[in-house]
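Structural overview for review
Residue strings, one per chain:
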Amino acid sequence: MEKKLIYFDYAATTPVDSEVLEKMLPYYKENYGNADSLHIFGRKAQTAVDCARDKVAELLGAKPSEIYFTSGGTESDNWAVLGGAYACKKRGKTHILASQIEHHAVLSAMERLEKEGFEIEYIPVNAGGRVEISDVEKRLKENTGLVAVMKANNETGAIQPVEEIAKLCKERGILCFSDCVQYVPHRNLDVNALGADVVAISSHKFHGPKGCGALYIKKGVGIEKLVAGGEQERGMRGGTLNVPAVVGLAHALELCYKNNQEREKRIKSLRDKFLDKVLSLDGVTLNGDFSKDEDGLASIINLRFDGVENTSFLYNMDLNGIAVASGSACASASLKPSHVLTAMGLSESEAKSSIRFSIGKDTTEEEIEYVANKCEEILQKIRAKR
Ligand SMILES: *Cc1c(COP(=O)(O)O)cnc(C)c1O
């Protein structure tokens, strides 16, 4: 019998919905034109891109002209940070704020800016993994050009007060960027309600194809272009568009907005069942404090297993066919403790005994029970060896 595989790593990526794939296929086969070509093949592709842009804009509460397609969350984050910073520099503003818990796509771009002479300051988080508004306010300076705070953290699910931060920025004419890559797959985001000037999303986190994302840039907010090339995306992002993926992104986002509420309710009850079981085990703690729905996503459960190295826990989980993560997938090759957990005040060894379980729309009750039982088994096994 084939071993049952269980996927508890939805925060790393998600499977493409078959309905989404069906919508994409014609753009690989019959309608394979380059959206920039003027002939019939190109026009068909362009029409599909226009429809996708209209749909994404409508769902996010934006105008179609405010939506730019990219190669994913990382490019969107890079564009927002670098393009935003270079535009600010032209106005003499070179001070930038970013939360300590941003994704590496944002943090690495910040490091690059620092080498280029920008002054980067990091906003701390509290023990619950959330930025406090006073910590933003007291760091704002005359020459602050950009503030970057993600809407939901990819390791803990902690939700950030971006609405309030955006308000502060608006009063002072500061560009506000929010990485919403992890938020949008679970809660319907409206960019106007959020108030940020620039917002990043990524298709493969909400059952769309990998290698495709979007950046919302509010009208009138000038940010520099990042990818130089042809006149694609109104001259703001060169490169032939990945038409099938753009079509897939739009359809996946539509499905996600239609189902988010229902799905999160279900995911929340699964999360609670899982926590009931695992938190009753010895030396198991939930990283972060998510007593209220506004505080965190139900889909990400970050647990600390006292005295257990997460690498050996992961290995044992994998042996049982269970896919979980020690943190962000992008950093899983490194042996460094999670920057998100250490920012929350965890010690290096506490961070290194933490595991991220991220569940999704296809997670079942049986899987929850099975994984919770395996946690107990593996904990006993590892602890018995010491
Ligand atoms: C996954 C992720 C990214 C990167 O998106 P890719 O499309 O994988 O490049 C950026 N930010 C957050 C919060 C993420 O979870």
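Fair warning: this is a prediction, and the values are worked out from it, not measured in the lab. (Residues numbered from 1 in each chain as written. Predicted model: local features only at pLDDT ≥ 70, side-chain atom pairs only at ≥ 80, totals over all residues. Heavy atoms only, no water.)

Brief notes about the packing of helix H8 (residues 243–278) against helix H12 (residues 365–385)
The interhelical angle for the contact between H8 and H12, taken along N-to-C directions, is 20°, at an axis separation of 9 Å. Judged on the interaxial angle alone, H12 and H8 are roughly parallel. Crossing of H8 against H12: the hand is right-handed. Residue-level contacts link Leu270, Lys273, Phe274, Lys277 and Val278 of H8 to Glu365, Ile368, Val371, Ala372, Asn373, Cys375 and Glu376 of H12. Taken together, the residues that form the contact of H8 with H12 break down as seven nonpolar, one polar and four charged. (Axes fitted to C-alpha atoms, helices over the stretch in contact; angles between N-to-C directions. Helix = DSSP H or I, 4+ residues; strand = E, 2+ residues; numbered from the N terminus. Parallel < 35°, antiparallel > 145°, perpendicular 65-115°, else oblique. Left-handed = near helix turned anticlockwise from the far one by under 90°. Contact = heavy atoms within 4.5 Å. Nonpolar A, V, L, I, M, F, W, Y, C, P; charged D, E, K, R; others polar.)

Looking at the domain arrangement of the chain
For the chain, the domain assignment lists domain 1 (6–15 + 260–384) and domain 2 (18–255). The distance between the C-alpha centroids of domain 1 and domain 2 comes to 27 Å. Each partner contributes residues to the interface: domain 1 has 33 residues there, and domain 2 has 33 residues. Summed over both sides, the interface of domain 1 with domain 2 buries roughly 2800 Å², with 49% coming from carbon and sulfur. Considering only the surface of domain 1 that becomes buried against domain 2, Asn260, Leu297 and His339 emerge as the three largest contributors, covering 23% of it. For the pair domain 1 and domain 2, the number of links is two salt bridges. The salt bridge partner of arginine 130 is aspartate 289, with a shortest N-O separation of 3.7 Å. Taken together, the links from domain 1 to domain 2 amount to 19 residue pairs in polar contact (both at pLDDT 80 or more). Elements supplying a minimum of two residues to the side of domain 1 that touches domain 2: H8, strand E10 (300–305) and helix H10 (339–343). Among the elements that take part in the side of domain 1 that touches domain 2, H10 stands out by supplying four residues, more than any other. (Domains from an automatic or database assignment. Buried area = accessible area lost by both parts, 1.4 Å probe. Salt bridge = Lys/Arg side-chain N within 4 Å of Asp/Glu carboxyl O. Polar contact = N/O pair within 3.5 Å; in protein donor to acceptor, adjacent residues only side chain to side chain.)

Some thoughts on the site of the ligand
Surrounding the ligand, one finds 13 residues, the nearest of these being Thr74, Asp179, Gln182, Ser202 and Lys205. Residue glycine 73 places a main-chain N or O atom 2.8 Å away from an oxygen atom belonging to the ligand. Here threonine 74 contributes a side-chain N or O atom positioned 2.6 Å from an oxygen atom of the ligand. Within the complex, the protein chains bury 89% of what would otherwise be the 380 Å² of accessible surface of the ligand. In terms of residues, the shell around the ligand owes the most to one element, helix H3 (residues 73–90), which gives three residues. (Near = heavy atom within 4 Å. Areas by Shrake-Rupley, 256 points an atom, 1.4 Å probe, with all protein chains shown as cover.)

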